[in-house]
Amino acid sequence: MTRYDIPLSLMKLSGALRTIAVFETAKGALVLLVGFDLLSLIHHDIQQAVEHLLTHTHLNPASRYPHIFIDLANQLTNTRLLLIAAGAGVYSLARFIEAYGLWRARRWAQWFAAASGAIYVPFELFELYERVTWLSLGALTLNLAIVAFMLYHLFQAGDKKIANAPSSS
């Protein structure tokens, strides 16, 4: 079967799955880079690094988020940095496996994408409840679109398999 023999609906699906796969790869790569960056902080003065970062980005250390960042930096130890970096590695590996499965249009990866995306929805809704921002609204919208797309395709493909199954009568 050549590319030209594939129905248009499957080609569109493949394009959409590959777009989501690229997005998941980018998320995994970003978290992996952050994990490596955290590893580079081991045996360094984290407090000084955070203060330098805040100064470099012109953020006010007294405002809400930079202050939270400073408080977290005060609580970090080398062991915690290693654990967070390991968690980042595991998360990245999951994103890369999901991206591979989506790129290859595997059904398990579509289920995984729907489930992993749905996990974030309550947290994103809570973030919107606390404070509405364009970023939180955009994240929720994108996440819901991906979850809805995956579920629609999974149930649509499941219905087609049931309809095409030979009857047992």
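Rules and cut-offs
- Residues numbered from 1 in each chain as written.
- Predicted model: local features only at pLDDT ≥ 70, side-chain atom pairs only at ≥ 80, totals over all residues.
- Heavy atoms only, no water.
- Core = buried A, V, L, I, M, F, W, Y, C linked by side-chain atoms within 4.5 Å.
- Buried < 20%, exposed > 50% of the residue type's maximum accessible area, 1.4 Å probe, protein only.
- Helix = DSSP H or I, 4+ residues; strand = E, 2+ residues; numbered from the N terminus.
- Contact = heavy atoms within 4.5 Å.
- Expected span 1.5 Å × (residues − 1).
- Phe/Tyr/Trp six-rings, centres within 6.5 Å; stacked < 30°, edge-to-face > 60°.
- Axes fitted to C-alpha atoms, helices over the stretch in contact; angles between N-to-C directions.
- Parallel < 35°, antiparallel > 145°, perpendicular 65-115°, else oblique.
- Left-handed = near helix turned anticlockwise from the far one by under 90°.
- Salt bridge = Lys/Arg side-chain N within 4 Å of Asp/Glu carboxyl O.

If you look at the biggest cluster of nonpolar residues, it comprises 10 residues: Leu17, Ile20, Ala21, Ala99, Leu102, Ala109, Ala113, Ala114, Ile146 and Met150. Counting residues per element, the ones that place at least two in this core are helix H1 (8-40), helix H4 (78-103), helix H5 (107-130) and helix H6 (134-164). Ile20 has contacts with Leu102, Ile146, Phe149 and Met150, leaving out every residue within four places of it along the chain. Listed in part, the 8 residues of the second largest apolar core include Leu38, Val50, Ile70 and Leu81.

With that settled, consider the environment of Gln48. Within the secondary structure, Gln48 sits in helix H2 (residues 46-56). For Gln48, a relative accessible area of 53% corresponds to the exposed category.

Further remarks concern H4. When the terminal C-alpha atoms of H4 are compared, their 37 Å separation across 26 residues agrees well with the 38 Å that a helix rising 1.5 Å per residue should span. For H4, the complete set of buried residues consists of Leu81, Ala85, Ala88, Ser92, Arg95, Glu98, Ala99, Gly101 and Leu102. Phi turns positive one or two residues past the end of H4, at Ala105, with a value near 60°.

The relation between two aromatic rings is expressed through the spacing of the ring centres and the mutual angle of the planes. The tally for this structure, following the rule as stated, stands at 2 aromatic pairs. Judged by centre distance (5.8 Å) and plane angle (90°), the rings of Trp111 and Phe155 are edge-to-face. A residue pair is termed long-range when its members are at least 10 positions apart, and Trp111 in helix H5 and Phe155 in helix H6 qualify at 44 residues. Judged by relative accessible area, Trp111 falls into the partly exposed class, the value being 39%. A relative accessible area of 49% means that Phe155 is categorised as partly exposed.

One can describe the packing of H2 onto helix H3 (residues 64-75) by two numbers: an axis separation of 8 Å at closest approach and a directional angle of 160°. Accordingly, the angle class assigned to the pair H2 and H3 is roughly antiparallel. Judged by the sense of rotation from one axis to the other, the crossing of H2 with H3 is right-handed. Packed against H2, whose contacting residues are Ile46, Gln47, Val50, Leu53 and Leu54, the element H3 presents Pro66, Phe69, Ile70, Ala73 and Asn74 at the interface.

A complete count under the given rule lists 3 salt bridges for this structure. Measuring nitrogen to oxygen at the nearest pair gives 3.1 Å for the salt bridge that ties Arg95 to Glu24. On the criterion of sequence distance, the pair formed by Arg95 in helix H4 and Glu24 in helix H1 is long-range, its members being 71 residues apart. Of the two residues examined, Arg95 and Glu24, each falls in the buried class.

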